[in-house]
Amino acid sequence: MERIVSLGHTDLQIVPLIFGGNVFGWTLDEKESFKIMDSFMSFGFNAIDTSNNYSHWVEGNKGGESEIIIGKWFKENGNRDKVVLMTKVGGRFGYNSKPNTQGAYIKEQVELSLRRLQTDYIDLYQTHYDDQITPVEETLRAYEELIKEGKVRYIGASNMSTDRLIESLETASKLNLPHYVSLQPEYNLYDREKYEREYEQTVRQFGLAVIPYYSLASGFLSGKYLNDDDFSKSARGEGIQKKYWNEKGQRIVSALNEVASAYRTSSSSVALAWLLSQDTITAPIASATKEAHLQGFVSALQLRLGEDALTKLNEASKY
């Protein structure tokens, strides 16, 4: 893969499309997960994102299943040094639990993640959710210890308010503590407003790498949902239909189809290429359950959307 970018102001070099590990232990079992990661790497990609609590929402799971699968895959392949590994801490392990960004908790959880992942370091360790109570200095000092110990290389933020993000960045600067190098927000053609209104200016100001999740809006932008009947063919279809299948969603799907047809490619490739055309976006995170989906990732990196296509997509997705 010729296209390589730096993850913000770090020495982490990635192909700008990251595999989302939320499917491991959920829609893919261990064997299928190994197969899709093998294929992902064979296409030339090199970055995988997961979390310590994936996939706690599956009946019978308790969280950590995704990391365990990735760890076993590392051990079987001996390829840890070939992967830029991203995981997270602080999120819930059940619908009745709460986020936790206390220093002691982070230091406890990193050991569990390292054990599950069968590695001695994490390339990008991210605050998954912010508890909004713990002083940001406490959280950053915990990360400082982990970086000094060599267990973590860089830190990032995900679901954090702009105020707390700015406070964290300014505190890091003032006290010479590790600072977040990346932001992982929800951002795609359908869900544009929050990122563009609340985060984009901060990202520019502090030079953060942006690695959005739900890049394909839970598969809604993949091209497989074209009419009412299509939602009944998928286990997740009902929820996706309820959230996205409105006037705006139908407008976006129509525009994606038109552009995909004009460029002789897939809707998912166009949706990912649109993200990659945004000047603050470093690398979208996307999941796949079949090798054919990965071809769409490759196509997205090769696709250069013209002004007419970008205008059509921007108009269809405006808020």
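Structure: above.
Everything numeric here is computed off the predicted structure, so don't read it as measured data.

Novice: It is not clear to me how the packing of helix H4 (residues 136–148) against helix H5 (residues 162–175) should be interpreted in this structure. Could you clarify?
Specialist: To describe two helices that pack against each other, one gives the angle between their axes and the distance between the axes. Their axes nearest at 9 Å, the elements H4 and H5 cross at an angle of 60°. On the basis of the axis angle, H4 is oblique to H5. Crossing hand, H4 versus H5: right-handed. On H5, the residues that touch Val-136, Glu-137, Leu-140 and Arg-141 of H4 are Arg-164, Glu-167, Ser-168, Thr-171, Ala-172 and Leu-175. Looking at the contact of H4 with H5 residue by residue, the classes come out as four nonpolar, two polar and four charged.

Novice: Got a minute to help me understand the layout of surface pockets in this structure?
Specialist: Rolling a probe over the atoms, with the probe sized like a water molecule, indicates the empty space that remains. For the largest pocket, the calculated volume is near 1600 Å³. Asn-22, Trp-26, Tyr-214, Ser-218 and Arg-236 are the residues nearest the centre of the largest pocket, which is lined by 50 residues in total. Class assignment for the residues of the lining of the largest pocket results in 19 nonpolar, 22 polar and nine charged. Quantified by volume, the second largest pocket comes out at close to 220 Å³. Lining the second largest pocket are 13 residues, and of these Asn-159, Glu-186, Lys-194, Tyr-199 and Tyr-213 sit closest to its centre.

Novice: Hey, could you run me through the sheet that holds strand E3 (residues 18–20) in this one?
Specialist: Strand pairing in a sheet relies on backbone hydrogen bonds, with the paired strands running either antiparallel or parallel. Spatial ordering of the open sheet is given by E9-E8-E7-E6-E5-E4-E3-E10, a layout of eight strands whose pairing is parallel. The open sheet terminates on both sides in strands that have one partner only, identified here as strand E9 (209–210) and strand E10 (285–286). In this sheet, strand E6 (residues 122–129) lies alongside strand E5 (residues 84–89) in parallel orientation, the contact comprising four bridges. Opposite Val-89, over in E6, you have Thr-127 as the bridge partner.

Novice: Help me out: how do you make sense of the packing of aromatic side chains in this one?
Specialist: Any pair of aromatic rings gets described here by the distance separating the centres and the angle formed by the planes. Going through the model one piece at a time under the given rule, you end up with 18 aromatic pairs. An angle of 5° between the planes, with centres 5.4 Å apart, marks the rings of Phe-19 and Phe-24 as stacked. For the pair formed by Phe-19 and Phe-24, the shared burial category is buried. Between the aromatic rings of Tyr-225 and Phe-231, the centroid separation amounts to 4.7 Å while the plane-to-plane angle is 10°, which identifies the pairing as stacked. Note on accessibility: Tyr-225 and Phe-231 belong to one class, buried. In this structure, Arg-80 packs its charged tip against the face of Tyr-121, placed 4.0 Å from the ring centre. Over the face of the ring belonging to Tyr-190 we find Lys-248, whose NZ or CZ atom lies 4.4 Å from the ring centre.

Parameters at a glance
- Residues numbered from 1 in each chain as written.
- Predicted model: local features only at pLDDT ≥ 70, side-chain atom pairs only at ≥ 80, totals over all residues.
- Heavy atoms only, no water.
- Axes fitted to C-alpha atoms, helices over the stretch in contact; angles between N-to-C directions.
- Helix = DSSP H or I, 4+ residues; strand = E, 2+ residues; numbered from the N terminus.
- Parallel < 35°, antiparallel > 145°, perpendicular 65-115°, else oblique.
- Left-handed = near helix turned anticlockwise from the far one by under 90°.
- Contact = heavy atoms within 4.5 Å.
- Nonpolar A, V, L, I, M, F, W, Y, C, P; charged D, E, K, R; others polar.
- 1 Å grid on protein atoms, 1.4 Å probe; cavity = no way out; pocket = protein on both sides within 12 Å on 5 of 7 lines; lining within 4 Å.
- Points joined across faces, edges and corners; volume = space filled by probe spheres on them.
- Pairing = 2+ DSSP bridges.
- Phe/Tyr/Trp six-rings, centres within 6.5 Å; stacked < 30°, edge-to-face > 60°.
- Buried < 20%, exposed > 50% of the residue type's maximum accessible area, 1.4 Å probe, protein only.
- Lys NZ or Arg CZ within 6 Å of the ring centre and 35° of its normal.

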